[in-house]
Amino acid sequence: MSSLVEFLKGSYTEFTQKVEWPKWSELQSSTTVVAVTSVLLALFTFGVDSAFSTSIKNVVGSLINLFH
C-alpha cells in the first residue's frame, strides 16, 4: 500500500513541478492546426469515397447492361 502512496505522491510532484505545460497561445495554435487538418482529411476522405462509389456504380451498371 505504501508503494501506491509513493507513486501517487511522485506523480503529483511530476505533474506540478517537472512538466512544462504549453502556454495558452501555443495551445490555441495547436488546436487550430489539429482542427484544420481534421477538416481537410475529412474532405479528402469524402472525395475519395465519392469517387470510388461512383466508379463502382458505373462498373456494376456497365456489367448489368452487358449481360442483359
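Use the structure listed above.
Definitions and cut-offs
- Residues numbered from 1 in each chain as written.
- Predicted model: local features only at pLDDT ≥ 70, side-chain atom pairs only at ≥ 80, totals over all residues.
- Heavy atoms only, no water.
- Helix = DSSP H or I, 4+ residues; strand = E, 2+ residues; numbered from the N terminus.
- Rg over C-alpha atoms; globule rule 2.2 N^0.38 Å.
- Areas by Shrake-Rupley, 256 points an atom, 1.4 Å probe, with all protein chains shown as cover.
- Lys, Arg positive; Asp, Glu negative; His and termini not counted.
- Charge placed at Lys NZ, Arg CZ, Asp CG, Glu CD.
- Patch = residues over 30% accessible without salt bridge, like charges linked within 9 Å, V, L, I, M, F, W, Y side chains within 5 Å.
- Salt bridge = Lys/Arg side-chain N within 4 Å of Asp/Glu carboxyl O.
- Buried < 20%, exposed > 50% of the residue type's maximum accessible area, 1.4 Å probe, protein only.

Engineer: Tell me about the overall build of the protein chain, and please be specific about residues and values.
Structural biologist: A tally of helices and strands in the protein chain yields 2 helices and 0 strands. For a compact globule of 68 residues, the expected C-alpha radius of gyration is about 11 Å, and the protein chain comes in at 26 Å, more than 25% above that figure. Projected onto its principal axes, the C-alpha positions of the protein chain cover 80 × 35 × 10 Å. Accessible surface for the protein chain amounts to roughly 6,400 Å². Of this, 70% is attributable to carbon and sulfur atoms. Across the protein chain, 4 positive and 5 negative side-chain charges occur, with their mean positions spaced 3 Å apart.

Engineer: Quick one: what's the story with a nonpolar patch on the surface, residue by residue and with numbers?
Structural biologist: Nonpolar side chains collect at one region of the surface, where Phe44, Val48, Phe52, Ile56, Val60 and Ile64 lie side by side and expose about 590 Å² of accessible area between them. Mapped onto the secondary structure, Phe52 falls in helix H2 (residues 24–66).

Engineer: Before we move on, can you summarise the environment of Ala35 with the specific residues and values?
Structural biologist: Mapped onto the elements, Ala35 comes out in helix H2. Take Ala35: its relative accessible area is 40%, and that puts it in the partly exposed class. For Ala35 and Phe46, which are 11 residues apart along the polypeptide, the C-alpha to C-alpha distance reads 16 Å.

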